[in-house]
Amino acid sequence: TMVSNEAFFKLDATGKVWSPTNYYADEFGGQVKIRSAIIQSLNIPTVRVFETLFGRAYSPDPYWGKPTLEIARRMGIRTPITKDMGLSVALGTPDISPLEMATAYSVFANQGTLVRPYAIESIYNSREGTRLKHIPSGDTQALDPTIAFQMTSILTGVLRERQGTGYRHMEGFPYPVAGKTGTTNRYFDAWFVGYSNNIVTALWVGHDRRTSLGTKRAGGTVTLPSWLSFMEKAIPYHLEKYKGMSKEEFLDTEGKPKPGGPLDFEAPDEMHRVEVCAYSLLRPNSYCANTTKIWVKKGEEPQMFCRDCGVSYGSIPTVDASQRPQTPPNPLHYQPAVQRRRLEPISAPSEADLRRARNPQVQVPIRTKPGVAPAVPRPVEPRSVDSLPVPPGQ
Ligand SMILES: [Zn+2]
């Protein structure tokens, strides 16, 4: 799904102008995929989606934003989110604790199930044995498993795709992880909340008084390196200690997680991967040079063929990937017109031409028939033998 990345302005509740900008404030405009907007952490499309889906921010509607807030509540967010926060709620204005953040992200990691956090497992008494024991309150399905998995797929891109805000710190990190960077205005807070399939960690860096961490101290730069070094130890530790696994069960001989092993994010049964054009995310046509595989719910595969690559008048059938041309010939591209001069038919040399040709004193270009070397007469200068060049060796 595409969404606009064009800048816009709003009057907030107090009548002040509010306009969201992207992290790189001069980079906006055009249309972006929702997936890319999340991976690159673009603010403008995020606010636009929030507004489109959940109503106008400053409308008198008392139920403004209710669907969003309900999703947030279902995912374990308890912090009050009020209408006067306006559209900036979409970017994370409410001060949410790291525990609530970890709870919410655990829904993505648990195929949509909310597991409420608890601090005390049980309390023992030396005479009477167990006095108190935590009884799970029952897990609730907060999100459709397919939506949770699609979020995991997108949040993996934050770390593993080149445009992702966390990509440049990921070199050498072995485990499959997903997560999101977060930076508030003027660099007051830097966040990274993410998960493997067995542990969720929320990390916040900031001052207890609300002051800036310093220019360009964004979530990806400040928090992600610490988050990664913690997770590198915590992920195998958790598998060994709580799942009773030995390293050989989930790591290969080089210390990398086994593909298809217990650390892979598992797709729900009702999802599968389909090949689509990398630009349009639609079914590839014969000219789509770059394709990618995306996870979709079975039965919700894109039906339309790509109309961005090559000529796209009418329907274009798919072809086998091996038969696709390496460089798509695009007839819409500019091609310089080839200017060929026509050879004019040449008549036999005229009497004047012949006369000039016979006179060696006059240099005249002589028209000849094509393919015949022009016999250009040159004046012959008499030369003595002495003036001839001496051949070498004499
Ligand atoms: Zn295409």
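This is a predicted model, so every value here is computed, not measured.

1. Some remarks on the overall build of the chain
Counting its regular elements, the chain contains nine helices and 13 strands. A buried classification covers 33% of the 394 residues belonging to the chain. Considering only contacts within the chain whose residues lie at least 6 apart along the sequence, 56% involve residues at least 24 apart. Carbon and sulfur atoms form 54% of the exposed surface of the chain, whose accessible area is close to 25,800 Å².

2. Some points on the side chain of Asp189
You can see Asp189 is positioned in strand β10 (residues 189-195). Only 2.8 Å separates the side chain of Asp189 from the side chain of Trp204, close enough to count as a polar contact. Setting aside residues no more than four positions away along its own chain, Asp189 makes contact with Gly182, Thr183, Thr184, Trp204, Val205, Arg210 and Leu213.

3. Concerning the sheet that holds β10
Within the open sheet, the three strands sit side by side as β9-β10-β11. Their pairing is antiparallel. Only two strands of the sheet have a single partner each, and these edge strands are β9 (178-183) and β11 (200-206). Neighbour to neighbour, the strand axes of the sheet diverge by 10 degrees on average, direction disregarded. Bridge analysis of β9 against β10 gives six bridges, and the strand direction is antiparallel.

4. A word on the confidence of the model for the chain
When pLDDT is averaged along the chain, the result is 76; 69% of the residues meet or exceed 70. Mean pLDDT per element in the chain: strand β2 (residues 10-11) is the minimum at 59, and helix α4 (residues 98-109) is the maximum at 93. pLDDT under 50 marks residues 333-342. Its contacts with residues more than four places away, or in other chains, come to zero contacts.

5. A closer look at the coordination of the zinc ion
For a metal bound by four donors in tetrahedral geometry, the ideal donor-metal-donor angle is 109.5 degrees, whereas six donors in octahedral geometry ideally sit at 90 or 180 degrees. For the zinc ion, the full set of protein donor atoms is Cys277 (SG), Cys288 (SG), Cys306 (SG) and Cys309 (SG), and the range of their distances to it is 2.3 Å. Relative to the metal, the four donor atoms surrounding the zinc ion lie at angles of 102 to 115 degrees, and the coordination shape comes out tetrahedral. Sequence spacing of the donor residues for the zinc ion, all on one chain, is C-x10-C-x17-C-x2-C. With Cys277 in strand β12 (residues 271-277) and Cys309 in the loop between β13 (291-297) and α9 (351-358), this pair connects stretches of sequence that are 32 residues apart. The exposure classification of Cys277 matches that of Cys309, with both residues buried.

6. Brief notes about the pattern of salt bridges
Under the counting rule described, the total for this entry stands at four salt bridges. Lys247 is the partner of Glu240 in a salt bridge, and the nearest nitrogen-oxygen pair spans 3.6 Å.

7. Observations regarding the side chain of Asn198
Following the sequence through the fold, Asn198 ends up in the loop between β10 and β11. A polar atom in the side chain of Asn198 sits 3.3 Å from the backbone oxygen of Ile235. Those residues in contact with Asn198 that sit more than four places away from it in its chain are Ile235, His238, Leu239, Lys243 and Leu263.

8. Details of a nonpolar patch on the surface
Together, Ile120, Ile123 and Leu132 make up an exposed nonpolar region whose accessible area comes to about 280 Å². Its location among the elements puts Ile120 in the loop between β5 (113-114) and β6 (122-125). The class of Ile120 is exposed, set by a relative accessible area of 53%.

9. Quick look at the packing of α4 against helix α5 (residues 145-160)
Running from amino to carboxyl end, α4 crosses α5 at an angle of 105 degrees, the nearest separation of the two axes being 7 Å. In terms of orientation, α4 lies roughly perpendicular with respect to α5. Contacts between α4 and α5 involve Tyr105, Val107 and Phe108 on the former and, on the latter, Ala148, Met151, Thr152 and Leu155. Class assignment for the residues of the contact of α4 with α5 results in six nonpolar, one polar and no charged.

10. So, unusual backbone geometry
Across residues other than glycine, the phi torsion is negative in most instances, and most of the peptide bonds are trans. A positive phi angle, near 55 degrees, is found at Ser41, a position not held by glycine. Topologically, Ser41 is positioned in the loop between α1 (34-39) and α2 (43-54). Under the relative-accessibility criterion, Ser41 is labelled partly exposed at 22%. Positioned with a positive phi, Gln111 is a non-glycine residue whose angle comes to about 55 degrees. Within the secondary structure, Gln111 sits in the loop between α4 and β5.

11. Details of helix α7 (residues 224-243)
For α7, spanning 20 residues, the distance from its first C-alpha to its last is 26 Å, which sits close to the expected 28 Å at 1.5 Å a residue. When the local axis directions of α7 are compared, the greatest deviation, roughly 30 degrees, occurs at Met231. Along α7, the residues that are buried comprise Leu224, Trp227, Leu228, Met231, Ala234, Ile235, Pro236, His238 and Leu239. Looking at the residues trailing α7, positive phi occurs at Gly244, about 65 degrees.

What counts and what doesn't
Residues numbered from 1 in each chain as written. Predicted model: local features only at pLDDT ≥ 70, side-chain atom pairs only at ≥ 80, totals over all residues. Heavy atoms only, no water. Helix = DSSP H or I, 4+ residues; strand = E, 2+ residues; numbered from the N terminus. Buried < 20%, exposed > 50% of the residue type's maximum accessible area, 1.4 Å probe, protein only. Contact = heavy atoms within 4.5 Å. Areas by Shrake-Rupley, 256 points an atom, 1.4 Å probe, with all protein chains shown as cover. Polar contact = N/O pair within 3.5 Å; in protein donor to acceptor, adjacent residues only side chain to side chain. Pairing = 2+ DSSP bridges. Axes fitted to C-alpha atoms, helices over the stretch in contact; angles between N-to-C directions. pLDDT = per-residue confidence, 0-100. Donors = N, O, S within 2.8 Å, 3.2 Å for Na, K, Ca; no water. Tetrahedral: all angles 85-135°; square planar, octahedral: opposite > 155°, others 65-115°. Salt bridge = Lys/Arg side-chain N within 4 Å of Asp/Glu carboxyl O. Patch = residues over 30% accessible without salt bridge, like charges linked within 9 Å, V, L, I, M, F, W, Y side chains within 5 Å. Parallel < 35°, antiparallel > 145°, perpendicular 65-115°, else oblique. Nonpolar A, V, L, I, M, F, W, Y, C, P; charged D, E, K, R; others polar. Expected span 1.5 Å × (residues − 1). Bend = angle between axes of the 7 residues up to and from the residue.

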